[in-house]
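# Structural overview
What follows is each chain in one-letter form.
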Amino acid sequence: MVYIPRIILEPFAILLHGIFSTIAKKYAKHGQRKMTIPQKMTIITIAKAFGLTYRDMELLAMDLAEVLGLENITTFQNFNSFEKRLSTKGLQDVITMTALIVIRMLDKRELHIAVDSTGLQIKDSSSYYQERAQKKADFFKLHVVMDLETRTILLATPSDRYYHDINPFRLYFLPVLRLLADEFGFKIKYISADSAYAAEDTYKAVEELGALPTIKPKRARKGRMGKYYRMRGLPWFKYYANRRWVLEAMFRVFKRLFKPYIRSDDQDARAREALYKALAWNVLILLENIIKAHIAKQKNF
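Below, the structure is looked at part by part. Just so we're clear, the structure is a prediction, and the values are computed from it rather than from any experiment.

## Quick notes on the packing of aromatic side chains
Counted by the stated rule, this structure contains ten aromatic pairs. With 5.2 Å between their ring centres and 65 degrees between their planes, phenylalanine 50 and phenylalanine 258 make a pair best called edge-to-face. Here phenylalanine 50, found in the loop between α2 (37-49) and α3 (54-63), pairs with phenylalanine 258, found in helix α12 (residues 245-258); they are 208 residues apart in sequence, far enough to count as distant. When the centroid spacing of 6.2 Å and the interplanar angle of 55 degrees are considered together, the rings of phenylalanine 254 and tryptophan 281 count as tilted. You can see phenylalanine 254 sitting in helix α12 and its partner tryptophan 281 sitting in helix α13 (residues 267-300), a full 27 residues away along the chain.

In structure tokens:
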């Protein structure tokens, strides 16, 4: 079982439980009631984010029994069956919600957006045999939209290794960014991405958001693509396009914290496991800002 310092684990679990308590009901209509739904979701999120197994969840629940108010602890089989009923869409909504909490907390009205994806190696029951046969390791992709000022993951979606990066950008990220900008009154200053996201329609969609499309162009073309290719040498374009280093550095820290692999066997479970890691990242950023605000308040006294 992975060691997580108690000084971090306990406040992290309390904060995560508080978030789930605001969005999930206490009990389901049917089934055992040894633990509440927010309690189960807290244990599952921590375990999945840090690469623990279902059997480890019982031990984790024992460690957190006092801070979560657990009187009874369910079995690892019940954790397994409960987790399979959770939806990726629900986890994506919680990820966005936690990012918005941090953005509101820091009173940010202007978003500095970077888009990229990272690969998480698949370490399921058959990966040992693939390694023994010296086959190339398979991986699962996590696509994210990050606000570079707060370092929160605003949007996240998983996919297999064959899904091109531009597809979630077109079909999910850009429409939801427009919705968030309209609903919460955010101004998006720029969107930074590498050349995998370069296409005429994506440049146009970013401009329609009122943002600078600092997406690295692939090569010179006629029309709009040629326009952005010519802009690539301008100082402001270079500066905003190269701001992607913040996201790339985050991926390195992200993988050190939450392990660069996923254990699940089927595609839906892998998708949820990748999203648990993104949610845990946002909760850690939220916890960091709460601690900073508390320290600043104490200094003022």
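Next comes the rest of the account.
## Overview of the pairing of strand β4 (residues 187-193)
Of all seven residues in β4, five are buried; the element is thus mostly enclosed. The sheet contact formed by strand β1 (residues 110-122) and β4 spans five bridges and is parallel. Paired with leucine 111 across the bridge in β4 is isoleucine 188. Relative to strand β5 (residues 212-215), β4 runs parallel, the two sharing four bridges. Residue alanine 193 lies in a different strand from β5, and its bridge partner there is isoleucine 215.

## Notes on the pairing of β1
Counting buried positions over the 13 residues of β1 gives ten, a clear majority of the element. Sheet topology note: the β1/strand β2 (residues 139-147) ladder contains nine bridges and is antiparallel. By the bridge assignment, leucine 120 is partnered in β2 with phenylalanine 140.

## Concerning a nonpolar patch on the surface
On the surface, a cluster of nonpolar side chains totalling about 220 Å² of accessible area is made up of Met105, Leu106 and Ile290. Positionally, leucine 106 belongs in the loop between α6 (88-105) and β1. Leucine 106 sits in the partly exposed class, given a relative accessible area of 34%.

## Comments concerning α3
Buried residues of α3: Tyr54, Asp56, Met57, Leu60 and Ala61, and no others. Seen end-on, α3 carries its buried residues on one side only, within an arc spanning 145 degrees. Exposed residues pointing more than 90 degrees away from the buried face of α3 are listed as Arg55 and Met62. On its buried face, α3 sits against α1 (6-23), α2, α4 (65-68) and α5 (76-83).

## Let's talk about the nonpolar core
Taken as a class, soluble globular proteins show a tendency for nonpolar side chains to be buried jointly. The biggest cluster of nonpolar side chains holds 66 residues, and the ones touching the most others in it are Phe12, Ile43 and Ile46. Considering every element that reaches this core, the biggest residue donor is α13, with 13 residues. When sequence neighbours within four positions are dropped, the list of residues in contact with phenylalanine 12 reads Ile46, Phe50, Ala280, Val283, Leu284 and Leu287. Formed by 30 residues, the second largest nonpolar core is a distinct cluster that contains Ile113, Val145, Ala193 and Val206.

Calculation notes
- Residues numbered from 1 in each chain as written.
- Predicted model: local features only at pLDDT ≥ 70, side-chain atom pairs only at ≥ 80, totals over all residues.
- Heavy atoms only, no water.
- Phe/Tyr/Trp six-rings, centres within 6.5 Å; stacked < 30°, edge-to-face > 60°.
- Helix = DSSP H or I, 4+ residues; strand = E, 2+ residues; numbered from the N terminus.
- Buried < 20%, exposed > 50% of the residue type's maximum accessible area, 1.4 Å probe, protein only.
- Pairing = 2+ DSSP bridges.
- Patch = residues over 30% accessible without salt bridge, like charges linked within 9 Å, V, L, I, M, F, W, Y side chains within 5 Å.
- Areas by Shrake-Rupley, 256 points an atom, 1.4 Å probe, with all protein chains shown as cover.
- Salt bridge = Lys/Arg side-chain N within 4 Å of Asp/Glu carboxyl O.
- Arc of directions from axis to C-beta.
- Contact = heavy atoms within 4.5 Å.
- Core = buried A, V, L, I, M, F, W, Y, C linked by side-chain atoms within 4.5 Å.

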